[in-house]
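Each chain, letter by letter, is given below.
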Amino acid sequence: MEYIGFVFGIFGLLAYLEVSSLKKRIDALERELGGMKGTSYHEEKASLVKTVREYIGQNIEIIFKEDQADSDVISFGNSKYGSNIILDADKDWLLVRIESPKKTTEKLIRVESVERISLKHSAADKS
């Protein structure tokens with residue numbers, strides 16, 4: 001019986017050492033990522049806002065970040081039958097007119113939820 005208790009004690013000690021080393025590595029990664037937050041994020045957001053301001057009044061395609069999509073933009077504006085037209089933009093928000101064959105809607109979209117914006121070419125541009 002003592003042998004089984006000794007074996008479980010050894011396994012418990014090994015598990016504790018593994019968990020404590022993982023905790024140290026996670027803390028180091030969090031410190032490293034915390035230092036990067038202020039630089040790359042703001043540069044990316046600033047360049048996106050600059051691009052958006054150049055596209056005001058034009059038909060665009062909006063690609064959202066993975067979990068922040070807008071169903072109207074995806075269903076209508078990004079399809080070949082609809083359009084997204086930027087009406088106004090500031091550092092935090094985009095005002096977009098979403099036109100579909102059945103309705104026209106204006107929406108405010110947070111800049112933080114947008115991954116990429118590109119000009120949408122019509123069928124007349126491709127021929």
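Position numbers for residues count from 1 along each chain, tracking the sequence in the order it is written. In keeping with the predicted nature of the model, local features appear solely for residues at pLDDT of at least 70, side-chain atom pairs appear and are counted solely at 80 or more, and the whole-chain, interface and lining totals rest on all residues. Note: side-chain values were computed over all heavy atoms of the structure, leaving out hydrogens and water.

Trainee: Please clarify how the nonpolar core should be interpreted in this entry.
Mentor: We define the nonpolar core as a collection of buried residues of types Ala, Val, Leu, Ile, Met, Phe, Trp, Tyr and Cys that are connected through side-chain atoms lying within 4.5 Å of one another. Per-residue accessibility, obtained with a 1.4 Å probe over protein chains only, is compared with the maximum for each type, and a residue is labelled buried under 20%, exposed over 50%, and partly exposed between these values. Val-52, Ile-62, Leu-94, Val-96, Ile-109, Val-114 and Ile-117 are the most contacted members of the largest nonpolar core, which totals 17 residues. Strands are runs of DSSP state E lasting at least 2 residues, helices are runs of H or I lasting at least 4, and numbering of each runs from the N terminus. Mapped onto this core, the elements with two or more residues apiece are helix 1 (2–54), strand 1 (59–64), strand 2 (83–89), strand 3 (93–99) and strand 5 (114–119). Residue contacts follow a heavy-atom distance rule, with two residues in contact if any of their heavy atoms lie within 4.5 Å. Every residue in contact with Leu-94, bar those within four places of it in the chain, is listed here: Val-52, Asp-88, Ala-89, Lys-107, Leu-108, Ile-109, Val-111, Val-114 and Ile-117.

Trainee: Help me understand the environment of Arg-116 in this model?
Mentor: Residue position: Arg-116 is located in strand 5. A relative accessible area of 45% places Arg-116 in the partly exposed class. For Arg-116, the residues in contact, after removing those within four places along its chain, are Glu-61, Ile-62 and Ile-63.

Trainee: Would you take a moment to explain the sheet that holds strand 5 for this structure?
Mentor: Sheet strands associate in pairs through backbone hydrogen bonding, adopting either a parallel or an antiparallel arrangement. For two strands to count as paired, DSSP must find a minimum of two bridges between them. Pairing within the open sheet is antiparallel, and its five strands lie in the order 4-3-2-1-5. Every other strand in the sheet has two partners, leaving strand 4 (104–110) and strand 5 as the edge strands with one partner each. Ignoring which end each strand starts from, the neighbouring axes of this sheet average 40° apart. Summarising the sheet, strand 1 and strand 2 pair through two bridges and their orientation is antiparallel. Bridge pairing in strand 2 links Asn-59 to Ile-85. Geometry is summarised by axes, namely lines fitted to C-alpha atoms with helices restricted to the contacting stretch, and by angles between N-to-C directions that run from 0 to 180 degrees.

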